Amino acid sequence: MKHFRNEMTLTFSAVPENEAFARNAVAAFCVCLDPTIDEINDIKTAVSEAVTNAVVHAYSGEIGNVTINTVIDDGRIHIAVMDTGVGIVDIDKAMQPFFTTKPDDERSGMGFTVMESFTDSLKVTHNTPSGTVVSMEKAIRGAGWKEKKSSN
């Protein structure tokens, strides 16, 4: 079987109105893998949470940018959601369920837990020179790749 790789990068303003755009753009990009509805919903949920975190926490009321790099590589999707905002002081603490830096804003502190539950792997790191990178991976086990189907 032929190796299939594809990549896209999106950069957009870190405003709440772009969260739906981001999750739908990544989901549409994944369609070539012929994912199940559940797999698409998992991806959309994880991307939504990562983008929302960047919008709410990264820029302290300022409007910065969020960049999403998405790579499809042999049936796996790799998604990196990046900002250049204030960053996360203690990543381990921030990843604990129910931890939030904005309890007055009715934040549940479950964003990273949700991302982790809907992907195969989640890694949160510091961006250079500032900000955060949320990296997620998910294997697509749907009906099969359209690209591979058409070459048979």
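What you see as residue numbers is a count from 1 along each chain, following the sequence as written. Two thresholds apply to this predicted model, a pLDDT of at least 70 for residue-level local features and 80 or more for giving and counting side-chain atom pairs, whereas whole-chain, interface and lining totals are computed over all residues. Values shown for side chains rest on all heavy atoms present in the structure; no hydrogens or waters enter the calculation.

**Some details on the sheet that holds strand 3 (residues 76–83)**
At least two bridges found by DSSP between two strands are what make those strands a pair. Here a helix means four or more residues in a row that DSSP labels H or I, a strand means two or more in a row labelled E, and each is numbered from the N terminus. Overall, antiparallel pairing links the five strands, which are arranged 1-2-3-5-4 in an open sheet. Of all the strands in the sheet, just strand 1 (5–13) and strand 4 (121–126) have a single pairing partner and so form its edges. Averaged over all pairs of adjacent strands, the angle between strand axes in this sheet comes to 15°, irrespective of strand direction. Its contacts with the sheet put helix 1 (residues 19–30) on strand 1, strand 2 (65–73) and strand 3, and the angle it makes with strand 1 is roughly 170°. Interaxial angles span 0 to 180 degrees and are taken between N-to-C directions of axes, which are lines fitted to C-alpha atoms, for helices over the stretch in contact. The contact criterion used throughout is that any non-hydrogen atoms of two residues lie within 4.5 Å.

**Re the nonpolar core**
If you look at the biggest cluster of nonpolar residues, it comprises 38 residues, and the most contacted ones within it are V26, I68, I79 and M136. The greatest single-element share of this core, amounting to nine residues, is contributed by helix 2 (residues 37–58). Sequence-distant contacts of I79, that is, excluding residues within four places in its chain, are made with V26, I43, V47, I68, N69, T70, V134, S135 and M136. Residues enter a nonpolar core if they are buried and are Ala, Val, Leu, Ile, Met, Phe, Trp, Tyr or Cys, with the set joined through side-chain atoms within 4.5 Å. With a 1.4 Å probe rolled over the protein chains alone, any residue whose accessible area is under 20% of its type maximum counts as buried; one over 50% counts as exposed, and the rest are partly exposed.

**Points about helix 4 (residues 111–118)**
Residues spaced three or four apart along an α-helix face the same direction, because each turn holds 3.6 residues. When we look at burial in helix 4, the residues that qualify are G111, F112, V114 and M115. Down the axis of helix 4, the sector holding all buried residues measures 160°, keeping them to one side. Next to the buried residues of helix 4 lie helix 2, helix 3 (91–94), strand 4 and strand 5 (132–139). The arc in question is the one traced by the directions running from the helix axis out to the C-beta atoms.

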